[in-house]
Amino acid sequence: MKNTISSSPYCIAENATISDALTAITENKRGGAVVVDDNGILLGIVSDGDVRRALVRGATELTPIHKILNPNVLTLGRSAAIERESGQIFAEHPEMNLIPITAGNVVIDVKVRESKNT
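Here is a short report on the structure shown in this document. (Residues numbered from 1 in each chain as written. Predicted model: local features only at pLDDT ≥ 70, side-chain atom pairs only at ≥ 80, totals over all residues. Heavy atoms only, no water.)

## A look at the side chain of Lys111
Quick reminder of the rule: A run of DSSP states H or I qualifies as a helix once it reaches four residues; a run of E qualifies as a strand once it reaches two. Both are numbered from the N-terminal end. Under the rule applied, a polar contact is a pair of N or O atoms within 3.5 Å (in protein, one hydrogen donor and one hydrogen acceptor; residues adjacent in sequence only if both atoms are side-chain atoms). In this description, contact between two residues means that some pair of their heavy atoms is separated by no more than 4.5 Å.
Along the chain, Lys111 falls in strand E6 (residues 106-112). Side chain to side chain, Lys111 and Glu83 meet in a polar contact 2.9 Å long. With residues near it in sequence (within four places) discarded, Lys111 still touches Glu83, Ser86, Phe90, Asn97, Leu98, Ile99 and Ile101.

## Observations regarding helix H2 (residues 48-56)
The test is simple: In this scheme, a residue with accessible area under 20% of its type's maximum is buried, one over 50% is exposed, and one in between is partly exposed, where area comes from a 1.4 Å probe on protein chains only.
Among the residues of H2, those classed as buried are Gly49, Asp50, Val51 and Ala54. Check the buried side of H2 and you find it contacts helix H1 (18-28) and strand E3 (42-47).

## Description of the pattern of salt bridges
Stated formally: Salt bridge criterion: a side-chain nitrogen from Lys or Arg within 4 Å of a carboxyl oxygen from Asp or Glu.
In total, this model carries 2 salt bridges according to the counting rule given. For Asp50, the salt bridge identified is with Arg53, shortest N-O distance 2.9 Å. Here Arg53 and Asp50 lie together in helix H2, a separation of 3 residues that amounts to about one turn. A relative accessible area of 16% means that Asp50 is categorised as buried.

## Some words on the environment of Glu61
As for its position among the elements, Glu61 is in the loop between H2 and strand E4 (76-77). As for Glu61 and Ala33, which are separated by 28 residues in sequence, their C-alpha atoms are 16 Å apart.

## Details of the pairing of E3
Put simply, the rule reads: Note: two strands are recorded as paired if DSSP finds a minimum of 2 bridges between them.
As judged from the 5 bridges shared by strand E2 (residues 32-36) and E3, these two strands associate in the antiparallel manner. From the neighbouring strand, Val36 faces E3, where its bridge partner is Leu42. Between E2 and E3, which follow one another and run antiparallel, lie 5 residues, and Gly40 among them has a positive phi close to 85°.

## Let's talk about H1
In plain terms, the rule: Each C-beta atom gives one direction from the helix axis, and the arc is the one those directions make.
Those residues of H1 that fall on the buried side of the exposure criterion are Ile18, Ala21, Ala24, Ile25 and Asn28. Buried residues of H1 fall within an arc of 120° about the axis and therefore sit on the same side. Turned more than 90 degrees away from the buried face of H1 sit Thr26 and Glu27, all of them exposed. Here the buried face of H1 lies against strand E1 (11-13), E2, E3 and H2.

## Concerning the sheet that holds E3
Threshold: To obtain an axis, a line is fitted to C-alpha atoms, over the contacting stretch when the element is a helix, and the angle between two such axes runs from 0 to 180 degrees between their N-to-C directions.
The strand order across the open sheet built from 3 strands is E1-E2-E3, with neighbouring strands paired in mixed fashion. Looking at which strands have only one partner, the edges of the open sheet turn out to be E1 and E3. Strand-to-strand twist across the sheet, computed as the mean angle between neighbouring axes with direction ignored, equals 35°. Alignment of E1 against E2, held across 3 bridges, turns out to be parallel. Bridged to Ala13 within E2 is Val36.

What follows is the structure, given as structure tokens:
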């Protein structure tokens, strides 16, 4: 079963390359992308810093993103208080710009830190 969240500008597929991740990160202007499998299951997140460090260690633009993603992801479940909860997380974690919203392990949405520059 395909999940439509995979077409989001904030998500990339597990078989994406570093080049694909850089394209997504550049286009979404949030410094990262959520990585999902073909069923929309959350695998991790990759930031522009993760990509930069991988390239310094010898990765190439063709390196699969699943080799460098961070599997430790802070997520939220669907709730009526999602705006308050995400606001609190963004306030406590200024380095975070994306929060996957999950139902079980499936990404159903991505909460995005609002930016004055978009």
